[in-house]
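# Reading the structure
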Amino acid sequence: MSQRGWVLGIESSCDETAAAVVARGREIRSSIVESQAPLHAPFGGVVPEVAGRSHLRAILPVVERALEQAGARLEDLDAIAVTSRPGLIGSLLVGLSAAKALAWSRGLPLVCADHIEAHIYSGAMEYPAERAGPWPCAALVVSGGHTSLYQARSPTEVELVASTLDDAAGEAFDKVAHLLGLGYPGGPAVARLADKGDPARIEFPRYRPRTRPGELPPRIAPFSFSGLKTSVLYHLRGQDALAPTPAPSAIEGAADVAASFQEAVVDALVGPTLEAARSLGLERVLVVGGVACNRRLREKMGAAARAAGMEAWFPSPAYCTDNAAMVAGLGWHLLEAGLASELDADASPRSEARQRAAGARAHAAAARNPSPQG
Ligand code: KG4
Ligand code: ZN
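Residues numbered from 1 in each chain as written. Chains lettered and ligands numbered in written order. Predicted model: local features only at pLDDT ≥ 70, side-chain atom pairs only at ≥ 80, totals over all residues. Heavy atoms only, no water.

## Considerations on the coordination of the zinc ion (ligand 2)
Defined as follows: Donor atoms (N, O, S) are those found within 2.8 Å of the metal centre, with the cutoff raised to 3.2 Å for Na, K and Ca; water is not part of the atom list, so apparent gaps in a site can occur. Key to geometry: four donors with every angle between 85 and 135 degrees are tetrahedral; four donors are square planar and six octahedral where opposite donors lie over 155 degrees apart and all remaining angles lie between 65 and 115; all other sites are irregular. Numbering of helices and strands runs from the N terminus; a helix is a DSSP stretch of H or I covering at least four residues, while a strand is a stretch of E covering at least two. Buried, partly exposed and exposed residues are distinguished by accessible area as a fraction of the type maximum, computed with a 1.4 Å probe on protein chains only: under 20%, between the cut-offs, and over 50%, respectively.
The zinc ion (ligand 2) binds to the protein through His115 (NE2), His119 (NE2) and Asp322 (OD), with metal-donor distances spanning 2.0 to 2.2 Å. What the 4 donor atoms of the zinc ion (ligand 2) show is an angle range of 92 to 141 degrees at the metal, which sorts the shape as irregular. Sequence spacing of the donors to the zinc ion (ligand 2): H-x3-H-x202-D. Residue His115 and its partner His119 are both found in helix H4 (residues 115–125); the two are separated by 4 residues, about one turn of the helix. His119 carries the same exposure label as His115, and that label is buried.

Written out as structure tokens, the structure is:
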């Protein structure tokens, strides 16, 4: 690896085609994100077939723009990092194939990154350099596909501690946006409408795990958003299950619905996350993923963390949503940790964050307690 430590990152796991050049895991020299949202909007969600074909058209021009913006030629790079899991398999394969071809043709190391671990790393890139990184911390990943809490010991050692029982928070935003006729993607539109509404107007449910008398609550509670989503649906069409959902134009007080729904999502994320961080003995929480753009979540998580003597840290919005800078940044750390991939690496729809953490824990335990046989 040269002194420059320039890594080209490629991201194509869902509906953004992205490429970026990041120096030594931190200095973002370029970040290009081409969103497919307008292509999927007529369908109200991501259509996998459309996503795969669109990545294929966009991938090379996006890589070229990222190199140009960074003032880099292919021969200046030290490695190619790419998201290989989790995500839509047809979309992942486009980015992975492009990364393999570039790595093979230039004789560069290929590094496969987990999209979830890359989101978590997005919380470290802008963290003040003099504080030597946000580790260890609790990392809340809140996006369209994921709502999970991780214990992160370093960029490459993350362990899943709690997840959603059903929907992701971003998916709930997208579904409620659909009910309110706000289009896709729904999160930003619901948030904009919520700014005009009263968050205390409707008392939507906040999920808390139910425990029987005498039973201990789970030490770290999972999240759940499907009950909240159903509650918004019944609020809009009344208790008659056969009644049609009113047309968006006929919904009275839509801004109050949006604000009250957003408040319920935010409360359902803030309390359990800080409780979990406390019970894990962690003083810092990173909040990452598309929903981390949400201003109300940023305000309430920040205030509640300060009140609890903790720190809440959010990446700037451009690095909350899908981007390749987080992939290039994490890629550099994976390379430094000797975790480069072979050219026959495969894409996978599943995250491996948990498996890698389990492996790292076993390794650490073995180092602490070497067996008598050596
Ligand atoms: O991380 P991301 O770009 O893609 C996934 O990996 O899923 O997250 C996209 C999700 C969408 O569900 C979108 O509605 C949501 O993030 N989102 C927001 C906001 N901006 C994006 N949700 C609430 N408030 C926002 N301001
Ligand atoms: Zn994402």
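And the narrative resumes.
## Side note on the sheet that holds strand E4 (residues 79–85)
Using the following cut-off: Note: two strands are recorded as paired if DSSP finds a minimum of 2 bridges between them. Axis definition: a line fitted to C-alpha atoms, limited for helices to the stretch in contact. Angles are taken between N-to-C directions and run from 0 to 180 degrees. Note on contacts: a residue pair is in contact if any heavy atoms of the two residues lie within 4.5 Å.
Taken in spatial order, the 5 strands of this open sheet run E3-E2-E1-E4-E5, and their pairing is mixed. Two strands lie at the open edges of the sheet, namely strand E3 (27–35) and strand E5 (110–114), each paired on one side alone. Averaged over all pairs of adjacent strands, the angle between strand axes in this sheet comes to 20 degrees, irrespective of strand direction. For strand E2 (residues 16–23) and E3, the ladder comprises 8 bridges, and the chain directions are antiparallel. Across the sheet, residue Val21 finds its bridge partner in E3, namely Ser30. Sitting on the sheet, helix H3 (residues 89–106) is in contact with strand E1 (6–11), E4 and E5, with an inclination near 160 degrees to E4.

## Section: the sheet that holds strand E8 (residues 157–163)
In any sheet, the strands associate via hydrogen bonds between backbone groups, in a parallel or an antiparallel arrangement. What the 5 strands build is an open sheet, ordered E8-E7-E6-E9-E10; its pairing is mixed. Bordering the open sheet on either side are E8 and strand E10 (311–313), each of which pairs with just one other strand. Taking the axes of each pair of neighbouring strands and ignoring which way they run, one obtains an average angle of 25 degrees across the sheet. Bridge count between strand E7 (residues 147–154) and E8: 6 bridges; the pairing is antiparallel. Looking across to E8, one finds that Ser148 is bridged to Ser163. Together, strand E6 (137–142), strand E9 (284–288) and E10 form the strand contacts of helix H9 (residues 295–307), whose direction differs from that of E10 by roughly 160 degrees.

## Brief notes about the packing of aromatic side chains
What counts, and what does not: Centre distance within 6.5 Å is the pairing criterion for rings of Phe, Tyr and Trp, where only the six-membered ring of Trp is used; planes under 30 degrees apart are then read as stacked, over 60 as edge-to-face, and the remainder as tilted. Charge over a ring is defined by NZ of Lys or CZ of Arg lying within 6 Å of the ring centre and within 35 degrees of the ring normal.
Enumeration according to the criterion identifies 2 aromatic pairs in this entry. A centroid spacing of 5.1 Å and a plane angle of 75 degrees characterise the contact between Phe173 and Phe261, whose relative ring orientation is edge-to-face. Remark: Phe261 occurs in helix H8 (residues 254–279) and Phe173 occurs in helix H5 (residues 169–179); sequence separation between them is 88 residues. Between Arg4 and the ring centre of Trp6, over which it is positioned, the NZ or CZ distance is 5.0 Å. When the ring centre of Tyr234 is taken as reference, the NZ or CZ atom of Arg237 above it lies at 5.4 Å.

## Concerning the site of ligand 1
Filter applied, for reference: A molecule or strand has a residue near it when one of that residue's heavy atoms lies within 4 Å. Accessible areas in this description were obtained via Shrake-Rupley with a 1.4 Å probe; residue shielding takes into account the shown protein chains only. Under the convention adopted here, Pro, Cys and the residues Ala, Val, Leu, Ile, Met, Phe, Trp and Tyr are nonpolar, Asp, Glu, Lys and Arg are charged, and Gly plus all remaining residues are polar.
Taken together, 19 residues form the shell around ligand 1, and within it Gly144, Asp174, Gly187, Gly290 and Asn294 come nearest. In the complex, the protein chains occlude 88% of the 560 Å² of accessible area that ligand 1 would expose alone. Within the residue set of the shell around ligand 1, elements represented by two or more residues are H4, H5 and helix H6 (186–194). Broken down by class, the residue content of the shell around ligand 1 amounts to 5 nonpolar, 12 polar and 2 charged.

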